[in-house]
Amino acid sequence: MKVAILSDIHSNLEALNACLAHARSQDAEQYVFLGDLVGYGADPVACLDIIQEHALDGAVVLLGNHDEAAISDQYKKIEVMNFVARDAIYWTRSQLREDQRVFLQDLPLTVQDGNALYVHASADEPSRWRYVTGGRDAARSMAAAETAYTFAGHVHHAMLYFRMAGQRVTDQNAARSFQPTPGMPIPVGLTRQWLAIVGSVGQPRDGNNAAAYVIMDYANSTLTFHRVPYDYMTTARKIIAAGLPERLAHRLEHGR
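A brief structural summary. Note that the structure is a prediction, hence the values are computed from the model and not measured.

Structural notes on unusual backbone geometry
Okay, step 1: We note that Y40 has phi near 75°; this positive angle belongs to a residue other than glycine.
Okay, step 2: Positioned with a positive phi, H154 is a non-glycine residue whose angle comes to about 75°.
Okay, step 3: Following the sequence through the fold, H154 ends up in the loop between β6 (149-152) and β7 (158-164).

Below, the structure written as structure tokens:
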């Protein structure tokens, strides 16, 4: 089965539609959304409508920290964010319909499906929204997941980590990393544990403005990272027209 795994959509309708169209062209049979569905962009309602439709068709959908902030009654959940993210969250809160708030409230932090664990941030205490930025972070997340495959977002740039299963998490046994080449299938056999940081659909930050997502082919044990160009200028114009911070529009051009 081919599973398209998308994360950090961030209310970017053009990027979401581009990735979904690309996934269909790759014969994806199932969809997973790893959280941060909203925040930053100007189309939270439209993006959630699409994702809710996929959820009705069986897609896995997880909660991200921006989603939590968009519905939380706890002031500190928003105020810990930088001012650009915070302004976008306050605006997003004013846009969401009640059914969309309920949808977000009901989303889980993790979902395990066979040999795979899906999570927004680190599988090690997922509610703390820890970033996986190196080998030890990755090893800790994989050890907590206890699955062959872990898929996460949150970091906004793609990376693949691997380690031998069953190792203790130490500096010496930190996971090794691999920078994937877009469009090239990577063999990911069950003799190792794998952690894929899938990149961001709506807010890539690796210097490439194309949207990012992955397809996991469980039948053939291969993982392919994809980059999909989209109409970022339209997205940027919407952000400015909505009165959101202009930085959120400008960064789309350079993927930073």
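Considering the sheet that holds β6
Okay, step 1: Taken together, the six strands give an open sheet; going across it, the order is β4-β5-β6-β10-β7-β8, and neighbouring strands pair in mixed fashion. The strands lining the two open edges of the sheet, one partner per strand, are β4 (110-113) and β8 (176-178). Within this sheet the neighbouring strands show an average axis-to-axis angle of 20°, counted without direction.
Okay, step 2: Sheet topology places β4 next to strand β5 (residues 116-119); four bridges connect them, and they run antiparallel. Looking at the pairing, D113 lines up with A116 of β5.
Okay, step 3: The sheet contacts of helix α7 (residues 135-145) involve β5, β6, β7 and β10 (192-198), and relative to β7 the element is tilted by about 65°.

Here we look at the sheet that holds strand β3 (residues 60-61)
Okay, step 1: Reading across the sheet, the six strands line up as β3-β2-β1-β11-β12-β9 and stay open at both edges, with mixed pairing between neighbours. The sheet is open, and its two edges are formed by β3 and β9 (186-187), each paired on a single side.
Okay, step 2: Here strand β11 (residues 211-217) runs beside strand β12 (residues 222-228); their pairing, made up of seven bridges, is antiparallel. Within β12, the position partnered with M216 by the bridge is L223.
Okay, step 3: Relative to the sheet, helix α1 (residues 13-25) contacts β1 (2-6), β2 (30-33), β11 and β12, its axis offset from that of β11 by approximately 30°.

Describing empty space enclosed by the protein
Okay, step 1: According to the stated counting rule, one finds one cavity of 30 Å³ or more in the structure shown.
Okay, step 2: By volume, the largest cavity amounts to about 30 Å³.
Okay, step 3: Around the largest cavity sit Y149, T150, F151, V188, W194, L195, A196, M216 and L223, which together line it.
Okay, step 4: Those elements that provide at least two residues to the lining of the largest cavity are β6 and β10.

Describing α7
Okay, step 1: Burial in α7 covers these residues: G135, A138, A139, S141, M142 and A145. Along the axis of α7, the buried positions cluster into a sector of 165°, meaning they face one direction only.
Okay, step 2: At its buried positions, α7 is contacted by β5, β6, β7 and β10.

A closer look at the pairing of β11
Every regular strand shows the same layout, with side chains that alternate between the two sheet faces.
Okay, step 1: β11 sits mainly inside the fold: seven of its seven residues count as buried.
Okay, step 2: Along β11, one buried face is formed by A211, Y213, I215 and D217 and the opposite face, lined by A212, V214 and M216, is buried too.
Okay, step 3: Here β1 pairs with β11 via four bridges, running antiparallel. Opposite A4, over in β11, you have I215 as the bridge partner.
Okay, step 4: Between β11 and β12, which pair antiparallel one after the other, the connecting turn spans four residues, and S221 there sits at a positive phi close to 50°.

Things to note about the packing of α1 against helix α2 (residues 44-56)
Okay, step 1: Two numbers describe how α1 lies on α2: the axes approach to 9 Å, and their chain directions differ by 30°. Comparing the axis directions of α1 and α2 gives the class roughly parallel. Handedness of the α1/α2 crossing: left-handed. Contact residues: L13, L16, N17 and L20 in α1; A46, C47, I50, I51 and H54 in α2.
Okay, step 2: The residue inventory of the contact of α1 with α2, partitioned by class, reads seven nonpolar, two polar and no charged.

Re helix α5 (residues 83-95)
Okay, step 1: Relative to the 18 Å expected for 13 residues at 1.5 Å per residue, α5 spans 19 Å between its end C-alpha atoms, a close match to the ideal helical length.
Okay, step 2: Those residues of α5 not exposed but buried are V84, A85, A88, I89, W91 and T92. Along α5, the residues classed as buried sweep out an arc of 165° about the axis, all on the same side. The outward face of α5, more than 90 degrees from its buried face, is lined by the exposed residues F83 and S94.
Okay, step 3: You can read the cap of α5 off the contacts: a side-chain oxygen lies 3.1 Å from the backbone nitrogen of V84, and it is on N82.

Criteria and cut-off values
- Residues numbered from 1 in each chain as written.
- Predicted model: local features only at pLDDT ≥ 70, side-chain atom pairs only at ≥ 80, totals over all residues.
- Heavy atoms only, no water.
- Helix = DSSP H or I, 4+ residues; strand = E, 2+ residues; numbered from the N terminus.
- Pairing = 2+ DSSP bridges.
- Axes fitted to C-alpha atoms, helices over the stretch in contact; angles between N-to-C directions.
- Contact = heavy atoms within 4.5 Å.
- 1 Å grid on protein atoms, 1.4 Å probe; cavity = no way out; pocket = protein on both sides within 12 Å on 5 of 7 lines; lining within 4 Å.
- Points joined across faces, edges and corners; volume = space filled by probe spheres on them.
- Buried < 20%, exposed > 50% of the residue type's maximum accessible area, 1.4 Å probe, protein only.
- Arc of directions from axis to C-beta.
- Parallel < 35°, antiparallel > 145°, perpendicular 65-115°, else oblique.
- Left-handed = near helix turned anticlockwise from the far one by under 90°.
- Nonpolar A, V, L, I, M, F, W, Y, C, P; charged D, E, K, R; others polar.
- Expected span 1.5 Å × (residues − 1).
- Polar contact = N/O pair within 3.5 Å; in protein donor to acceptor, adjacent residues only side chain to side chain.

All we've got here are geometric facts, nothing functional implied.
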